[in-house]
Structure formats: structure tokens, C-alpha cells
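Chain by chain, the residues run as shown.
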Amino acid sequence: MTDIWFVAVAVLGALIVLTMVRLLAGPTAPDRVVALDTVNTLTVASMIVLSVAYGQTVFVDVAIVYALLSFVGTLYVAKYLGGEMSA
Amino acid sequence: MIAFLVTAGFAFLIYLVLTAGSGTIGLWSQVELIAGGVISLIVAAISRNYFCRMGDYRMANPLRWVILGFYAVIPFFIEMAHANIDVAYRVITGRIRPGIVKLSPGLKTDFGVLLLANSITLTPGTLTVGIDEETNDLYVHMINIGMGAEKKELFEPKDVFSLFQFPEWIRRIAE
Amino acid sequence: MIADTIIMVCLGIGLLFNALGVLGILRFPDVYTRLHAETKTTTFGTIFISLAVIVYGATRIMQGETAMYLSLSVHTFIALVALAFTNATGAHAIARAAHRSGQVPKPAVVDRLQEVRE
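This is a predicted model, so every value here is computed, not measured.

Some thoughts on the overall build of chain B
Phase 1 of the analysis: Per the secondary structure count, chain B includes 7 helices and 3 strands.
Phase 2 of the analysis: Of all 175 residues assigned to chain B, the portion counted as buried reaches 44%.
Phase 3 of the analysis: Intrachain contacts of chain B at a sequence separation of at least 6 include 70% that bridge at least 24 residues.
Phase 4 of the analysis: For chain B, the exposed surface amounts to about 9,200 Å²; the carbon and sulfur share of it is 67%.

Some thoughts on the nonpolar core
Phase 1 of the analysis: Grouped together as the largest cluster of nonpolar side chains are 61 residues, with contacts concentrated most on W5 and L12 of chain A together with Y71 of chain B.
Phase 2 of the analysis: Once residues lying within four places of it in the same chain are set aside, the contact partners of W5 of chain A are V49, V52 and A53 of chain A together with I7, L11, A52, V53 and Y56 of chain C.
Phase 3 of the analysis: By size, the runner-up hydrophobic cluster in this structure holds 13 residues, among which are L127 and V129 of chain B together with L35 and A91 of chain C.

Structural notes on empty space enclosed by the protein
Phase 1 of the analysis: Under the criterion given, the structure shown has 2 cavities of 30 Å³ or more.
Phase 2 of the analysis: Put simply, the largest cavity is a space of about 90 Å³.
Phase 3 of the analysis: Taken together, D37, N40, T41, V44, A67, S70, F71 and T74 of chain A together with L83, T86, N87 and G90 of chain C form the lining of the largest cavity.
Phase 4 of the analysis: Going through the elements one at a time, α2 (29-54) and α3 (58-81) of chain A together with α3 (66-100) of chain C are the ones with two or more residues in the lining of the largest cavity.
Phase 5 of the analysis: Of the residues belonging to the lining of the largest cavity, the class tally is 4 nonpolar, 7 polar and 1 charged.

Points about the pairing of strand β2 (residues 126-132) of chain B
Residue and element names in this part refer to chain B.
Phase 1 of the analysis: Burial within β2 is extensive, with 5 of its 7 residues counted as buried.
Phase 2 of the analysis: When β2 meets strand β3 (residues 137-142), the two strands line up antiparallel, connected through 6 bridges. By the bridge assignment for β3, I131 is matched with L138.
Phase 3 of the analysis: As consecutive antiparallel partners, β2 and β3 are separated by 4 residues, and within that stretch N136 has a phi angle of approximately 60°, a positive value.

Things to note about α2 of chain A
Think of an α-helix as 3.6 residues a turn; residues three or four steps apart then line up on the same face.
Residues and elements named next belong to chain A.
Phase 1 of the analysis: Between its first and last C-alpha atoms α2 spans 37 Å; for 26 residues at 1.5 Å apiece the expected length is 38 Å, and the two agree.
Phase 2 of the analysis: Burial analysis of α2 places 21 of its 26 residues in the buried class, which makes it a mostly covered element.
Phase 3 of the analysis: Immediately beyond the C-terminal end of α2, within one or two residues, lies G55, with a positive phi of roughly 70°.

Some remarks on helix α2 (residues 30-51) of chain B
Phase 1 of the analysis: Taking the largest bend as the criterion, α2 of chain B deviates by roughly 50°, centred on A45 of chain B.
Phase 2 of the analysis: On its buried face, α2 of chain B is in contact with α1 (2-18) of chain B.

Quick look at the interface of chain C and chain B
Where interface size is quoted, it is often the accessible area lost as the parts come together.
Phase 1 of the analysis: Listed as interface residues are 43 residues of chain C and, on the opposing side, 49 residues of chain B.
Phase 2 of the analysis: Together chain C and chain B conceal approximately 3,700 Å² of surface at their shared face, both sides included; 74% is due to carbon and sulfur atoms.
Phase 3 of the analysis: Across the contact surface, chain C and chain B share 3 residue pairs in polar contact (both at pLDDT 80 or more).
Phase 4 of the analysis: Within the residue set of the side of chain C that touches chain B, elements represented by two or more residues are α1 (2-27), α2 (31-62), α3 and α4 (112-117) of chain C.
Phase 5 of the analysis: Examining the composition of the side of chain C that touches chain B, we find that 15 residues originate from one element, α3 of chain C, more than from any other.

Considerations on a nonpolar patch on the surface
All names here are of chain A.
Phase 1 of the analysis: Together, F6, Y54, V58, F59 and V62 give the surface a local cluster of nonpolar side chains, amounting to about 460 Å² of exposed area.
Phase 2 of the analysis: The biggest single contributor to the nonpolar patch is α3, with 3 residues.
Phase 3 of the analysis: Among the residues examined, V62 registers a relative accessible area of 41% and is labelled partly exposed.

Digging into the packing of aromatic side chains
Phase 1 of the analysis: Taken as a whole and judged by the stated rule, the model has 7 aromatic pairs over all chains.
Phase 2 of the analysis: Note on F44 of chain C and F48 of chain C: the rings are 5.1 Å apart at their centroids and 65° apart in plane angle, and the pair reads as edge-to-face. Placement of both F44 of chain C and F48 of chain C in helix α2 is noted, with a separation of 4 residues, approximately one turn of the helix.
Phase 3 of the analysis: A relative accessible area of 4% places F44 of chain C in the buried class.
Phase 4 of the analysis: Its relative accessible area of 13% is what places F48 of chain C among the buried residues.
Phase 5 of the analysis: One aromatic cluster is present, formed by F77 of chain B together with F17, F44 and F48 of chain C through successive ring pairs.

Regarding the sheet that holds β2 of chain B
Phase 1 of the analysis: Strand order in the open sheet made by the 3 strands is β1-β3-β2 (chain B), with antiparallel pairing throughout. Strand pairing shows two members of the sheet lacking a second neighbour, β1 (99-103) and β2 of chain B, which therefore form its edges. When the angles between neighbouring strand axes are averaged without regard to direction, this sheet yields 30°.
Phase 2 of the analysis: Across the sheet, helix α5 (residues 110-121) of chain B touches β1, β2 and β3 of chain B, and the angle it forms with β2 of chain B is around 150°.
Phase 3 of the analysis: Relative to β2 of chain B, α2 of chain C is tilted by about 110°, and along the sheet it contacts β2 and β3 of chain B.

Details of the packing of helix α3 (residues 62-73) of chain B against helix α4 (residues 75-93) of chain B
All names here are of chain B.
Phase 1 of the analysis: Viewed as axis vectors pointing N to C, α3 and α4 meet at an angle of 25°, and their least axial separation amounts to 3 Å. Between α3 and α4, the angle is such that the two are roughly parallel. Side by side, α3 and α4 meet where F70, Y71, A72 and V73 of the first sit next to P75, F76 and F77 of the second.
Phase 2 of the analysis: When grouped by side-chain class, the residues that make up the contact of α3 with α4 number 7 nonpolar, no polar and no charged.

Procedures and definitions
- Residues numbered from 1 in each chain as written.
- Chains lettered and ligands numbered in written order.
- Predicted model: local features only at pLDDT ≥ 70, side-chain atom pairs only at ≥ 80, totals over all residues.
- Heavy atoms only, no water.
- Helix = DSSP H or I, 4+ residues; strand = E, 2+ residues; numbered from the N terminus.
- Buried < 20%, exposed > 50% of the residue type's maximum accessible area, 1.4 Å probe, protein only.
- Contact = heavy atoms within 4.5 Å.
- Areas by Shrake-Rupley, 256 points an atom, 1.4 Å probe, with all protein chains shown as cover.
- Core = buried A, V, L, I, M, F, W, Y, C linked by side-chain atoms within 4.5 Å.
- 1 Å grid on protein atoms, 1.4 Å probe; cavity = no way out; pocket = protein on both sides within 12 Å on 5 of 7 lines; lining within 4 Å.
- Points joined across faces, edges and corners; volume = space filled by probe spheres on them.
- Nonpolar A, V, L, I, M, F, W, Y, C, P; charged D, E, K, R; others polar.
- Pairing = 2+ DSSP bridges.
- Expected span 1.5 Å × (residues − 1).
- Bend = angle between axes of the 7 residues up to and from the residue.
- Buried area = accessible area lost by both parts, 1.4 Å probe.
- Polar contact = N/O pair within 3.5 Å; in protein donor to acceptor, adjacent residues only side chain to side chain.
- Patch = residues over 30% accessible without salt bridge, like charges linked within 9 Å, V, L, I, M, F, W, Y side chains within 5 Å.
- Salt bridge = Lys/Arg side-chain N within 4 Å of Asp/Glu carboxyl O.
- Phe/Tyr/Trp six-rings, centres within 6.5 Å; stacked < 30°, edge-to-face > 60°.
- Axes fitted to C-alpha atoms, helices over the stretch in contact; angles between N-to-C directions.
- Parallel < 35°, antiparallel > 145°, perpendicular 65-115°, else oblique.

Put into C-alpha cells, the structure is as follows:
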């Protein structure tokens, strides 16, 4: 029963690597931001699965903080791309 | 003062949910309850002007949160499943006809517009791109516009949503 | 045994939709359509993965191991809500920034926002 969680983490890792293709290739900056956002979401998912696989609840807390902070990062990059930075 | 109390109560609720299962008073231990009270008072002192900016306390009514939960579990989730099957179909076949249209939902509060914009983003074939801040009209990117529909100046909500009328639900929640 | 099946099905659906989202990002022609694929499918897929974790926690609670698995389920639920909300808002911000930085939706048939800007 514990094996399927590790399989799920492996699949999520493979998906993250596939998304990296778009992150490196993406013709424009917004494309790269979209790919980065996907990587963040998949990372949160794999953290949640890992917390079950290792039996550590703390990993889910890390996932919550990661989700909120990556959201702030996305907003910041989006503001910069839209030319709205005041500084 | 009301803003301070509302913010402190909300922060304390979130702290209670996060520390559920730590002790014996209900589900919480004494230390967590005291620490939660102190921390939520500090948070409220710092952030009351951001959390209740409009001087609008209608979201403090618990009934609205119950309706919001119901809305998220039943109509919203069904639309979301529909959206995902739709996107999966378009990913595989590559059949798209995108464009940006203007949608006039007629909502007044900021929270309502936020909810509707997020709902639109997660439902079939639509993605919010911009908001006209004076009239609260939304600019929506649709992945598949019906033939000839692009000539229409202003879209009605019923042109965009198929199964449920989200603006009606959101009016019940946020106005 | 039924719980195991539910967990497997939820995990399978979640991984399938996450994979479709990544495929959409690689396949679609411009940034807006990629955002469509990204937001909807990865949010939905992650919701199902979280549901699998919550069901797992619930079965362990029924077997009598309360404290740790209760907080696992509750925290996963909070992560789920935070993720669903922030993903949609973040997609909105990226779309707005892309439009402001001059990205036109490439095969588009109509663009009302561009008409307003001009």
C-alpha cells in the first residue's frame, strides 16, 4: 500500500521534468511564467503525497506555505511583466 | 474597532483549524489556545486595514459561508469536472477558436467580482483576462467561440455558462 | 479494501489530469490557451490527489490512530483550498500581465480588450 504513493511521486516528478521543457523553450516570458506556475502546483501535489509516503505531517505544512509563497512570487513576476512596478 | 474584532476572530478560527487534534480541551491543548489568541490579536492589529478595507461586514455572516461551501461543492465542482473533460478533448484534438470577449455580470461588491473571476477561470473554455474597474465588466478569453458569436458587442452570462448560472449564486453569497 | 480502491481511483484521476495539463502546455499555440490547460487541469488533478490523501487519513482515523491523521487530513484540506484559490488568481494575473506586455492572442477571432486599449 505504501508503494503506490512512491509511484505517484515518481510520475509527478516525470511531469515536472516535462514541464521544464516548456520552461526552457518557451518563446516569450509569459510562457515561462505559466510553466513555472505549473511546476509550483505539481511540487505542492508531490509534497502532499510525500507526506503520506513518509508519514510526516510537517510536509503538508511546508506545502501550504509553498503554495502561498509561490503565489506571491507569481504575482510579483506578473506585475513586473505588465510594467506596473513603481520602483 | 469592528474591523479589528472581525480580523482577530477570523485569524483565531484559522489558527484553531490548523492546530486541531493537539490536546484535550475539545480538540486543542491549553498552550495552543493561548498562543492562538495572542497571535491572532497581533495579526489583527497589523492587518485590520487591509482585511476589512471597504467598511463592509456582510461576509461576517456565517450563513453566507455555508452557502459558499455548498456552492463550491456542488455546482462549482460539476462545472469544473465538465471544464476538465472539455480541455482534455481540446488538448487531444487541438480544435480551438479563441478570442477575448466582454462579459457584463452586473455584480457590485469586490468580493463578488473576485469569486466570479475565479469561477470563470476554472470553468469550461473561459479565462478572465481583465476587469473594467468602474463598471465591473470582465474581459474573458474563450477557447472556443461559437461561429458568428464574435460579432456580439457584449456577452450575457447565459452565453458563457451552460449548466448553472454562477452570477445568481454569487449574488446570493456576496450581495 | 473499498477505501484502497477509492484511493487508487482518485490518485489515478489526479495523475491523468496533471499529465493532460502538462501535455496541453507543450501542445497549445499561445500563452492564453496554455493558461487554459494549466489552470483547469492541474488544479483539478491536485484536488483529486489531495482527496486520495484525505480518504487515506480518514481510513486511518477509523482504525483508531487519531491525532496524527486528523491533522494530516485537515492540513491537506487547507492546502487544497489555498491552492485552488491562488491558482485561479495567479492565472488571472499572468493573463493580465501578458496582455499588458503586448502579447496578442495569436489565432484569435476577436479581441475586445485590445479595442478598449486603443
